[in-house]
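Structure assessment
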Amino acid sequence: MEKKRHAILAAQSVAECLVEQDWGAYTPTEHKTWETLYNRQMATLEGHACDEFFAGLKTLRLGAERIPDFLEMNRHLRAATGWEVVAVPGLIASRPFFTMLANRQFPAGTFVRTPEQLDYLEEPDIFHDVFGHVPLLTHPAYAAYMQSYGRAGLDAIDLKGVKFLARLNWYTIEFGLLLVGGALKAYGAGIMSSYGEARYVLDDPSPHVLEFDLERVLRTGYYIDDFQSTYFAIDSFEALFTECIERPFAPLYESCRRQPPLTPFSIEATDTVLRRGSGAYWKDFPARKTALK
Ligand code: HBI
Ligand code: FE
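Conventions used here
Residues numbered from 1 in each chain as written. Chains lettered and ligands numbered in written order. Predicted model: local features only at pLDDT ≥ 70, side-chain atom pairs only at ≥ 80, totals over all residues. Heavy atoms only, no water. Axes fitted to C-alpha atoms, helices over the stretch in contact; angles between N-to-C directions. Helix = DSSP H or I, 4+ residues; strand = E, 2+ residues; numbered from the N terminus. Parallel < 35°, antiparallel > 145°, perpendicular 65-115°, else oblique. Left-handed = near helix turned anticlockwise from the far one by under 90°. Contact = heavy atoms within 4.5 Å. Nonpolar A, V, L, I, M, F, W, Y, C, P; charged D, E, K, R; others polar. Salt bridge = Lys/Arg side-chain N within 4 Å of Asp/Glu carboxyl O. Near = heavy atom within 4 Å. Polar contact = N/O pair within 3.5 Å; in protein donor to acceptor, adjacent residues only side chain to side chain. Areas by Shrake-Rupley, 256 points an atom, 1.4 Å probe, with all protein chains shown as cover. 1 Å grid on protein atoms, 1.4 Å probe; cavity = no way out; pocket = protein on both sides within 12 Å on 5 of 7 lines; lining within 4 Å. Sits in = over half its atoms within 2 Å of the grid points. Points joined across faces, edges and corners; volume = space filled by probe spheres on them. Phe/Tyr/Trp six-rings, centres within 6.5 Å; stacked < 30°, edge-to-face > 60°. Lys NZ or Arg CZ within 6 Å of the ring centre and 35° of its normal. Pairing = 2+ DSSP bridges. Expected span 1.5 Å × (residues − 1). Buried < 20%, exposed > 50% of the residue type's maximum accessible area, 1.4 Å probe, protein only.

Once that is clear, we can look at the packing of helix α3 (residues 28-45) against helix α7 (residues 126-133). The N-to-C vectors of α3 and α7 enclose an angle of 40 degrees; their axes lie 11 Å apart at closest approach. Considering their axes alone, α3 and α7 lie oblique with respect to each other. Handedness of the crossing formed by α3 with α7: right-handed. Between α3 and α7, the residues in contact are W34, L37, Y38, Q41, M42 and L45 and I126, F127, V130 and F131, respectively. Here the residues of the contact of α3 with α7 are counted per class, giving nine nonpolar, one polar and no charged.

This part is about the pattern of salt bridges. Two side chains carrying opposite charge are able to pair once their charged atoms lie near each other. Throughout the structure, instances matching the rule amount to nine salt bridges. A salt bridge links D119 to R40; the nearest nitrogen and oxygen atoms lie 2.8 Å apart. Residue D119 is found in the loop between β2 (105-109) and α7, and its partner R40 is found in helix α3; the two are separated by 79 residues along the sequence. Here D271 ties to R216 by a salt bridge, and the two come within 2.7 Å at their closest N and O atoms. Of this pair, D271 sits in the loop between α14 (249-258) and β7 (273-275) while R216 is found in helix α12 (residues 214-219), placing the two residues 55 residues apart along the sequence.

Near ligand 1 the following residues occur: V88, G90, L91, I92, S94, F97, F98, Y149, A166 and N169. Contact distances for ligand 1 include 2.8 Å between a nitrogen atom and a backbone N or O atom of I92. At 3.3 Å, a side-chain N or O of Y149 approaches an oxygen atom of ligand 1. Across the complex, the protein chains shield 84% of the 390 Å² of accessible surface that ligand 1 would expose by itself. More than half of the atoms of ligand 1 fall within 2 Å of the grid points belonging to the largest pocket. Residue assignment for the shell around ligand 1 shows that the elements contributing at least two residues are α6 (94-102) and α9 (162-174).

This next bit is on the environment of L178. Relative to the assigned elements, L178 resides in strand β3 (residues 177-180). For the pair L178 and R78, spaced 100 residues apart in sequence, the C-alpha to C-alpha distance is 25 Å.

Considering only enclosed or pocket space, the largest pocket measures out at about 1,500 Å³ in volume. Forming the boundary of the largest pocket are 50 residues, of which L91, E122, P124, W170 and E174 lie nearest the centre. Looking at the lining of the largest pocket, its residues break down into 26 nonpolar, 12 polar and 12 charged. Each pocket or cavity is described by its volume, and for the second largest pocket that value is around 260 Å³. Along its surface, the second largest pocket is lined by 15 residues, and E20, Q21, F70, L71 and A87 are the ones closest to its centre. Counting residues per element, the ones that place at least two in the lining of the second largest pocket are α5 (70-81) and β1 (84-88). Counting residues per element, the lining of the second largest pocket draws most heavily on α5, at four residues.

Our next topic: the packing of aromatic side chains. Taken as a whole and assessed by the stated rule, the structure comprises 24 aromatic pairs. Taken together, a centroid distance of 4.8 Å and an interplanar angle of 35 degrees make the contact between Y200 and F227 tilted. With Y200 in helix α11 (residues 195-203) and F227 in the loop between α12 and β6 (230-234), this pair connects stretches of sequence that are 27 residues apart. An aromatic cluster is present here, built from W34, Y38, F53, F54, F127 and F131 joined pairwise through their rings. Over the ring of Y195 we find R40, and its NZ or CZ is 4.0 Å from the ring centre. Above the face of the Y195 ring, R199 is positioned so that its terminal group lies 4.1 Å from the ring centre.

Moving on, we get to the sheet that holds strand β5 (residues 208-211). Overall, mixed pairing links the five strands, which are arranged β4-β3-β6-β5-β7 in an open sheet. With one partner strand each, in any of the chains shown, β4 (183-186) and β7 form the two edges of the open sheet. Averaged over all neighbouring strand pairs, the angle between strand axes comes to 40 degrees, with direction disregarded. Note: β5 against β7, two bridges, orientation antiparallel. Within β7, the residue paired with V209 across the bridge is R275.

Over its 13 residues, α9 runs only 16 Å from end to end, short of the ideal 18 Å by more than 12%, given 1.5 Å per residue. For α9, a buried count of 10 out of 13 residues is recorded, marking the element as mostly surrounded by other parts of the structure. All of the buried residues in α9 are F164, L165, R167, L168, N169, W170, Y171, T172, I173 and E174.

So, in structure tokens, the structure goes:
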């Protein structure tokens, strides 16, 4: 598997990255892990996740009782927004990844984390990818945003801006918040699929919450090894789509290259602050284990 994974990470074509889900091969332990994760997240997300997320679960007929079968799930997903989930063995190279998104194909891992990895794992498994990412692909504006992200990704490869665009992915698709009637609701897949971060982001006073601003997000680095110190909130998926697709990215990448990245700990004078965090969570942090991305 290791050799195949390296081959996949180097693969430049979509076809080389695709695998079969082989739904019949999942073991009772793996279905039980899905059930545990699903039930735990649904209890944690109650009142914290946006309504569109729960509506997406219903549209896709996702539940705790078994691991989703992509063939069955795709019938509902295609009918909603023309997206489909394709099975990949894990993280894939940027070009095939962005090409898939641009074609309304979402690459999802098929492996299930072990019971010991319940709270955290490095690579995205099927629970992170399907429970975290796929429900919102049933929402037309979010579905359009994800496709435009894929198209922007292909341009970013040529503009050498993937590092900056990855920050847009991080602060929206993975850890984005929605401002609904003055209340903050989560929509990012990294929050939806994480037991700890779902509660931290909305119950812990430590993190800052800033109003989404495309240039600010592209300039703001992130650490992959812990909860976020800053989150960005949007007013709607329609607003996110409009803000991102009508902006040429090339000059934004230029501006990012001319200045050092912002860290997620600070607040800038130009920020619209929705919630000024206490910073208590990371105040006496030992040096971060991973570099600022
Ligand atoms: N591959 N399977 C998979 N899933 C991802 O989220 C992913 C990827 N490859 C590249 C990637 N994400 C990031 O580099 C981009 O989002 C920037
Ligand atoms: Fe993800």
